[in-house]
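Residue-level listing of the chains:
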Amino acid sequence: MRQKLLLFLLAPLLVVASALPGADQRATQEQLSDYYPYALMSYLSETDIVLGCGTLEQQLFFIFRLSYLGDQGIRMLVDAEDIPASWRAHFTHVRPPDEHVADSGSNQCPSGNQLVDQITLPDSGITASVFVRTVGSASGGRIIVAFSGEQPNSFYQCLLSEPGGPCAEQQLQSVANLVRAFTEEYPGYPVDVVGYSHSGALVQALMFASPLIDQAYIFNSYGVHPGWLNGGDDERQSRIHHVYIEGSLLYGQDYNILNRYSRWQLPQHKVFASSVALSAKGMEPNLRQIYRINHHDSWLDTFYNLMSTTWVLHSKEAVLRTFEAQLGLDFPW
């Protein structure tokens, strides 16, 4: 314990740089505009949308950002009729409001007032939000499947280890079946997939497990074991677009020996994709404050985040806010 505490206190000094091929490209303004809707969809896949009884700030947060997607011709699928019939049993759609109202001053919302709109993959616990884009595509439409990925589970752990066990192969097939179902439900609509952190590993592996996927967008992603890439098809790999925040932890550009995520262990794998970087320089205090509002960490983790921004910069909030700052979007909260 004494050794861990000493390492903890020395966190800012214990950073090991590990440069990745192609990881030094700074995102252009055109890339920022193209990738931001995917970053926003990735964020929304991580969060229950509380409009019925959330705080005013929470309501404004989601209303403005959902409106932005609407202006881009993108809508979230919230009606079970929009989901392929074979997956409706796994879809949690809009629930009617309860008669009960949340206590004033409470951020907790009764379950009946939440708009979840997520598909839960059987057996894995992985959830996905689905969006349809009606403009901006040569074919006239596009399906985007955004996978949640902030919390690890056994399925993600399998993707980080060498292939051989049946757990990840079965789940990859399940996800591939989900993609196939949407191509059948929406013929002629290309399918894009989106992942953040651990679900970025899923998206990378999925690009080689399903030929039906057109493009993949990943943010601050944890690397997948190279064995899942089946030798690496360069043409398929070129369709994986990775954006990371400079100084964030799990990507691999900067490894910190005090990775609170894996509890004193370094990530084993790097992202196998072309990458572009975003700088959050000067935003750290604001991002740290936003992180504290949205997360309830132990005192040890809170102290860590005060000393080092590597984990805060990895967070989904940091990804979204850095995009918005770079694009000059003045959204509330």
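Residues numbered from 1 in each chain as written. Predicted model: local features only at pLDDT ≥ 70, side-chain atom pairs only at ≥ 80, totals over all residues. Heavy atoms only, no water.

A short note on the overall build of the chain
In terms of regular secondary structure, the chain is built from 11 helices and 14 strands. Counting over 333 residues, the chain shows a buried share of 53%. Sequence separation of 24 or more characterises 71% of the internal contacts of the chain that already satisfy a separation of 6 or more. When the accessible area of the chain is evaluated, it comes to approximately 15,000 Å², of which 52% is carbon and sulfur surface. (Helix = DSSP H or I, 4+ residues; strand = E, 2+ residues; numbered from the N terminus. Buried < 20%, exposed > 50% of the residue type's maximum accessible area, 1.4 Å probe, protein only. Contact = heavy atoms within 4.5 Å. Areas by Shrake-Rupley, 256 points an atom, 1.4 Å probe, with all protein chains shown as cover.)

A look at the nonpolar core
Counting residues in hydrophobic clusters, the biggest one holds 44 residues, and the most contacted among them are Phe147, Leu159, Phe182 and Leu202. Setting aside chain neighbours within four positions, we find phenylalanine 182 in contact with Leu77, Asp82, Ile83, Pro84, Ile119, Val130 and Ile143. (Core = buried A, V, L, I, M, F, W, Y, C linked by side-chain atoms within 4.5 Å.)

Looking at helix H3 (residues 56-71)
Helix length check: H3, at 16 residues, gives a terminal C-alpha distance of 22 Å against a target of 22 Å (1.5 Å per residue), a fit within 8%. Of the positions making up H3, those classed as buried are Gln58, Phe61, Phe62, Arg65, Tyr68 and Leu69. All buried residues of H3 fall inside an arc of 125° around its axis, so they share one side. Along H3, exposed side chains directed more than 90 degrees from the buried face belong to Leu56 and Asp71. Positive backbone phi, at 80°, marks glycine 73, one or two positions downstream of H3. (Expected span 1.5 Å × (residues − 1). Arc of directions from axis to C-beta.)

A few points about empty space enclosed by the protein
Applying the stated criterion across every chain, the model contains one cavity of 30 Å³ or more. As a volume, the largest cavity reaches approximately 40 Å³. Surrounding the largest cavity, Ala39, Ser42, Tyr43, Tyr196, Phe219, Lys316, Val319 and Leu320 form its lining. Taken together, the residues that form the lining of the largest cavity break down as six nonpolar, one polar and one charged. (1 Å grid on protein atoms, 1.4 Å probe; cavity = no way out; pocket = protein on both sides within 12 Å on 5 of 7 lines; lining within 4 Å. Points joined across faces, edges and corners; volume = space filled by probe spheres on them. Nonpolar A, V, L, I, M, F, W, Y, C, P; charged D, E, K, R; others polar.)

Focus on the side chain of glutamine 215
Within the secondary structure, glutamine 215 sits in strand S11 (residues 213-219). With a relative accessible area of 17%, glutamine 215 lands in the buried category. Excluding its chain neighbours within four sequence positions, the residues that come into contact with glutamine 215 are Arg142, Val191, Asp192, Val193, Met207, Arg239 and His241.

Remarks on helix H8 (residues 284-294)
Buried within H8 are the following residues: Leu287, Arg288, Ile290 and Tyr291. Projected onto a plane normal to the axis of H8, the buried residues spread over an arc of 165° and lie on a single side.

As for the side chain of aspartate 82
Looking at where aspartate 82 falls in the secondary structure, it is placed in the loop between strand S4 (74-76) and strand S5 (91-92). Judged by relative accessible area, aspartate 82 falls into the buried class, the value being 18%. Every residue in contact with aspartate 82, bar those within four places of it in the chain, is listed here: Arg75, Leu77, Phe182, Glu185 and Tyr186.

Notes on the pattern of salt bridges
The final tally for this structure, using the stated rule, is nine salt bridges. A salt bridge links arginine 142 to aspartate 214; the nearest nitrogen and oxygen atoms lie 2.2 Å apart. Placement of arginine 142 in strand S9 (residues 142-147) and of aspartate 214 in strand S11 is noted, with a sequence separation of 72 residues between them. A residue is classified by how much of its surface remains accessible, and aspartate 214, at 22% relative accessible area, is partly exposed. Taking the shortest distance from any N to any O, the salt bridge between lysine 316 and glutamate 317 comes out at 3.9 Å. The burial state of lysine 316 is the same as that of glutamate 317; both residues are buried. (Salt bridge = Lys/Arg side-chain N within 4 Å of Asp/Glu carboxyl O.)

Quick word on the confidence of the model for the chain
In this model, the chain carries a mean pLDDT of 76, and residues with pLDDT of at least 70 account for 69%. Of all helices and strands in the chain, the one with the weakest mean pLDDT is strand S1 (residues 15-17) (32), whereas S9 scores best (95). Taken together, the stretch residues 1-23 has pLDDT below 50 and engages in 37 contacts with residues farther than four places along the chain or on a different chain. Confidence over residues 252-267 falls short of pLDDT 50; this stretch has 59 contacts with residues more than four positions distant or in other chains. (pLDDT = per-residue confidence, 0-100.)

Let's talk about the packing of aromatic side chains
Here the structure, examined in full by the defined rule, presents nine aromatic pairs. With 5.1 Å between their ring centres and 75° between their planes, tyrosine 36 and tyrosine 68 make a pair best called edge-to-face. Remark: tyrosine 68 occurs in helix H3 and tyrosine 36 occurs in helix H2 (residues 29-45); sequence separation between them is 32 residues. Where tyrosine 43 meets phenylalanine 61, the ring centres are 5.4 Å apart and the plane angle is 45°; that geometry is what we call tilted. Pair noted here: tyrosine 43 is in helix H2 and phenylalanine 61 is in helix H3, with a separation of 18 residues, a long-range link. Of the residues examined, tyrosine 43 reaches a relative accessible area of 6% and is grouped as buried. (Phe/Tyr/Trp six-rings, centres within 6.5 Å; stacked < 30°, edge-to-face > 60°.)

Overview of the pairing of S11
Counting buried positions along S11 yields six of seven residues, so the element is predominantly enclosed. Pairing geometry for strand S10 (residues 191-196) and S11, over six bridges, is parallel. Within S11, the residue paired with valine 194 across the bridge is tyrosine 217. In this fold, the crossover linking S10 to S11 by way of helix H6 (residues 198-209) has right-handed handedness. (Pairing = 2+ DSSP bridges. Right-handed = clockwise from strand over helix to strand, strands pointing away.)

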